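# Structural characterization, general
Residue-level listing of the chains:
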Amino acid sequence: MAAGGGCSGDPLAPAGVPCAFSPHSQAYFALASTDGHLRVWETASNRLHQEYVPSAHLSGTCTCLAWAPARLQAKESPQRKKRKSEAIGTSDQIDLLALGTAVGSILLYSTVKGELHSKLINGGHDNRVNCIQWHQDSGCLYSCSDDKHIVEWNVQTCKVKCKWKGDNSSVSSLCISPDGKMLLSAGRTIKLWVLETKEVYRHFTGHATPVSSLMFTTIRPSNENQPFDGITGLYFLSGAVHDRLLNVWQVRSENKEKNAVMSFTVTDEPVYIDLTLSENKEEPVKLAVVCKDGQVHLFEHILNGYCKKPLSSNCTIQIATPGKGKKSTPKPIPILAAGFCSDKMSLLIVYGSWFQPAIERVAINSREPHMCLVRDISNCWAPKVETAITKVRTPVMNSEAKVLVPGIPGHHAAIKPAPLQTKQVESKRKLGGNEVSIEDRLGEMHIDTKKGKDDSLQTNSFPVLLTQGLESNDLEMLNKVLQTRNLNLIKKTVLRMPLHAIIPLLQELTKRLQGHPNSAVLMVQWLKCVLTVHASYLSTLPDLIPQLGTLYQLMESRVKTFQKLSHLHGKLILLITQVTASEKTKGMTFPEQKAKLVYEEESSEEESDDEIADKDSDDNWDEDEEEKDSEKEREVDEDNEEEDEDAEEKDEENSEDREVASEKELNGDSDLDPENESEEE
């Protein structure tokens, strides 16, 4: 089941191109490309089977398509005699293919005849058709549109059987229950309708964005003990635009539980979803989801109740080109659609270009969590159309015929001029010296050469230009928008940006933040507005951290160096202020002042000489100390010797005195007066 067509300019339109495999045998793959052409490919031989171009393929492009069930092949309204070419093998081919258009009409194309079967127009939709569902048994067709209505068509009479309002906003998706008695419809909320009474049976919460796909996943309820009324206990799957969570809901008997039972997480918005139905409680549901980034995620899970955490894929399949040479890197090839084969153990994968897709059958290996298939499609890009299919004939060009191109009336331009005319023109140019200027030629054609309007960008075109620049990676367009310095204009642009362009905008801002500092100052303003305006949307993304990993690392590295830079900034400011203060003091002139009184000391010169001598003797400080110590020892020795000599002299004098005194005593001189004694002494 395709997620719808993304050819419109609506940012909430589903991504991808309308496409679908034929039921049961999957022998054909129908594809409505962006140029309005319907192409039917054979899956076995990868050959273009049929191509159909509607009359209004440019104004009313195809927005959705659906194959008729295999049971409706025999119920073809006009009964006529079959040709010999059609009589062989028509029972094995799928007949009708319903195409919904952007103008509200529905086309029924017959693949057996290779032509348009009928149109469903009268009393139908007034706006874009979003989804088409065939009923399994009754041969009816159900369609929903942006005009908020659901229409039940009778394919036999091409008239409206019933029309009712499905939602307050546009209805984006439909799904019929396995028993054919209930109808699921979804805009932003999901409703379960009773087809007989056209009344709402249950309400479900839904998604924040329009639902792009609805599919029932089980045929029987998990609890087989209770009586089954055909709908209670069944599970169904829903996917939405710009939502990477696929929710699983359960239809319960009570009307209290309106939230999802479990969810599957994928890497990007789902583009194409296919699954295998679970017929009993022990059989797991196998799910193949093709995302907008070109990967296929495979899930296998038994639906048996509530699950809190989102379930991740069991296997991921990617396709890449082989790198030619050592330096060349392999490039990824986008996967467009994938469907389970009848054995449920292999996938039909459609990859490459929408105009020339490659279809391959791949066996599923559940042991490998990631599969990367290397395919070379360099020779497959050119579209291959058989000569029997195309009906365009190239006309034979005649030298005398004149071919007129669309342009200004009266202005004829020949695409293939005759060689004689070119010679005449060259001779005229040589004869005439002065050629007519381009301005004069435009004046003769009544075209104003002056520009009436200014080429400056309007403020309301900034969000459109930014979105287109991000999608096409146009640097000139991005520079025109991102180099603005008006804060109010930046805020208005960010407010009007679609949600799917927020992550690419953040990634582009991250790249520019790592560039020149002058551009980084502007990018910070944009980044601040994006994070403040779209904070609620960014908080709902489950894998925001791996997507914006470079931005996180950049911010952390800048924050780590901020403290050091602030310290350095403070020191530089201090140095600059000191330098400026010193320069100011140098430039100032001080007044001359003479001293009234001068006092000079007399001993200043002597002291200065002593100081000079002391300074000179500082170098030989150790030697002077040794000399002083030796002099002191010598002086001490001399003093000791002198003391010894004095003591000897005193001893000699005392001995002499004693001898004299003894002689006097002997001679009788001791009776002399003391005065005489003193005189003698």
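Quick note: structure is the one above.
Reference entry: report on the structure contained in this document. (Residues numbered from 1 in each chain as written. Predicted model: local features only at pLDDT ≥ 70, side-chain atom pairs only at ≥ 80, totals over all residues. Heavy atoms only, no water.)

### Regarding the pattern of salt bridges
- If you walk through the whole model with that rule in mind, you get eight salt bridges.
- In this structure, Glu51 engages Arg39 in a salt bridge whose closest nitrogen and oxygen atoms are separated by 3.5 Å. Here Glu51, found in strand S4 (residues 47-52), pairs with Arg39, found in strand S3 (residues 38-42); they are twelve residues apart in sequence, far enough to count as distant.
- Of the residues examined, Glu51 reaches a relative accessible area of 27% and is grouped as partly exposed.
- Of the residues examined, Arg39 reaches a relative accessible area of 9% and is grouped as buried.
- One network of salt bridges, with partners in common, ties together Glu152, Lys161 and Lys198. (Salt bridge = Lys/Arg side-chain N within 4 Å of Asp/Glu carboxyl O. Helix = DSSP H or I, 4+ residues; strand = E, 2+ residues; numbered from the N terminus. Buried < 20%, exposed > 50% of the residue type's maximum accessible area, 1.4 Å probe, protein only.)

### Focus on the packing of helix H4 (residues 462-472) against helix H5 (residues 475-482)
- Where H4 contacts H5, the two axes come as close as 8 Å, and the packing angle between them is 145 degrees. Helix-helix and strand crossings are classified by hand; for H4 and H5 the assignment is left-handed. Contact with H4, carried on its side by Phe462, Leu465, Leu466, Gln468, Gly469 and Leu470, involves Met477, Leu478, Lys480, Val481 and Leu482 of H5 and no other residues of that element.
- Its residues assigned to classes, the contact of H4 with H5 shows eight nonpolar, two polar and one charged. (Axes fitted to C-alpha atoms, helices over the stretch in contact; angles between N-to-C directions. Left-handed = near helix turned anticlockwise from the far one by under 90°. Contact = heavy atoms within 4.5 Å. Nonpolar A, V, L, I, M, F, W, Y, C, P; charged D, E, K, R; others polar.)

### Structural notes on the packing of aromatic side chains
- Inspection of the entire model under this criterion finds nine aromatic pairs.
- Between Phe204 and Phe236, the aromatic rings sit 5.1 Å apart at their centres with planes inclined by 80 degrees, giving edge-to-face as the arrangement. You can see Phe204 sitting in strand S16 (residues 199-204) and its partner Phe236 sitting in strand S18 (residues 235-240), a full 32 residues away along the chain.
- Looking at Phe204, the relative accessible area reads 6%, which means it is buried.
- For Phe236, a relative accessible area of 0% puts it in the buried group.
- Joined through ring pairs, the aromatic side chains of Phe204, Phe216, Phe236 and Trp249 make up one cluster.
- A cation over an aromatic ring shows up here: Arg202 above the ring of Tyr201, its NZ or CZ 4.3 Å from the ring centre. (Phe/Tyr/Trp six-rings, centres within 6.5 Å; stacked < 30°, edge-to-face > 60°. Lys NZ or Arg CZ within 6 Å of the ring centre and 35° of its normal.)

### Describing a nonpolar patch on the surface
- Among the surface-exposed residues, Leu565, Leu568, Leu572, Leu575 and Ile576 lie close enough to one another that they form a single nonpolar patch of about 480 Å² accessible area.
- Exposure remark for Leu572: the relative accessible area of 42% places this residue in the partly exposed category. (Patch = residues over 30% accessible without salt bridge, like charges linked within 9 Å, V, L, I, M, F, W, Y side chains within 5 Å. Areas by Shrake-Rupley, 256 points an atom, 1.4 Å probe, with all protein chains shown as cover.)

### Comments concerning the environment of Val211
- Its location among the elements puts Val211 in strand S17 (residues 211-216).
- Sequence separation of Val211 and Gly187 is 24 residues, and the distance between their C-alpha atoms is 5.8 Å.
- Residues contacting Val211, with those up to four places away along its chain left out, are Ser172, Ser173, Ala186, Gly187, Arg188, Ile190, Ser238, Gly239 and Ala240.

### Overview of the sheet that holds S17
- As summarised here, the arrangement of the four strands in space is S17-S18-S19-S20, forming an open sheet in which the pairing is antiparallel. Of all the strands in the sheet, just S17 and strand S20 (262-265) have a single pairing partner and so form its edges. Looking at each pair of strands side by side, their axes are set apart by 20 degrees on average, direction ignored. (Pairing = 2+ DSSP bridges.)

### Some remarks on helix H6 (residues 487-496)
- Among the residues of H6, Leu489, Ile490, Thr493 and Val494 are the ones counted as buried. Taken down its axis, H6 places every buried residue within 130 degrees of arc, on the same side. Along H6, the residues that are exposed and aim more than 90 degrees away from the buried face are Asn488, Lys492, Leu495 and Arg496.
- On its buried face, H6 is in contact with H4 and helix H8 (517-533).
- Its side-chain oxygen 3.3 Å from the backbone nitrogen of Asn488, Asn486 forms the N-cap of H6. (Arc of directions from axis to C-beta. Polar contact = N/O pair within 3.5 Å; in protein donor to acceptor, adjacent residues only side chain to side chain.)

### Here's the deal with the side chain of Glu360
- Tracing the backbone shows Glu360 in strand S28 (residues 357-363).
- Looking at Glu360, its side chain comes within polar contact range of the side chain of Arg375, at 2.6 Å.
- In contact with Glu360, other than residues within four places in its own chain, are Leu347, Leu348, Ile349, Tyr351 and Arg375.

### With respect to the pairing of strand S8 (residues 115-120)
- As paired elements, strand S7 (residues 106-110) and S8 share five bridges and run antiparallel to each other. Across the sheet, residue Ile106 finds its bridge partner in S8, namely Leu120.
- The hairpin turn running from S7 into S8, its antiparallel successor, is four residues long, and Gly114 in that turn takes a positive phi close to 75 degrees.

### Some details on the sheet that holds strand S13 (residues 173-176)
- In space, the four strands of this open sheet follow the order S13-S14-S15-S16, with antiparallel pairing throughout. The open sheet terminates on both sides in strands that have one partner only, identified here as S13 and S16. On average, adjacent strands in this sheet sit at an angle of 25 degrees to one another, irrespective of strand direction.
- In terms of strand pairing, strand S15 (residues 190-194) meets S16 through five bridges, oriented antiparallel.

### Focus: the packing of H5 against helix H7 (residues 502-513)
- In contact at an axis separation of 13 Å, H5 and H7 are set at 85 degrees when each is read in the N-to-C sense. It follows from the interaxial angle that H5 and H7 lie roughly perpendicular. Judged by residue contacts, Leu475, Leu478, Asn479 and Leu482 of H5 engage Leu505, Glu508, Leu509 and Arg512 from H7.
- For the contact of H5 with H7, a count of residues per class yields five nonpolar, one polar and two charged. (Parallel < 35°, antiparallel > 145°, perpendicular 65-115°, else oblique.)

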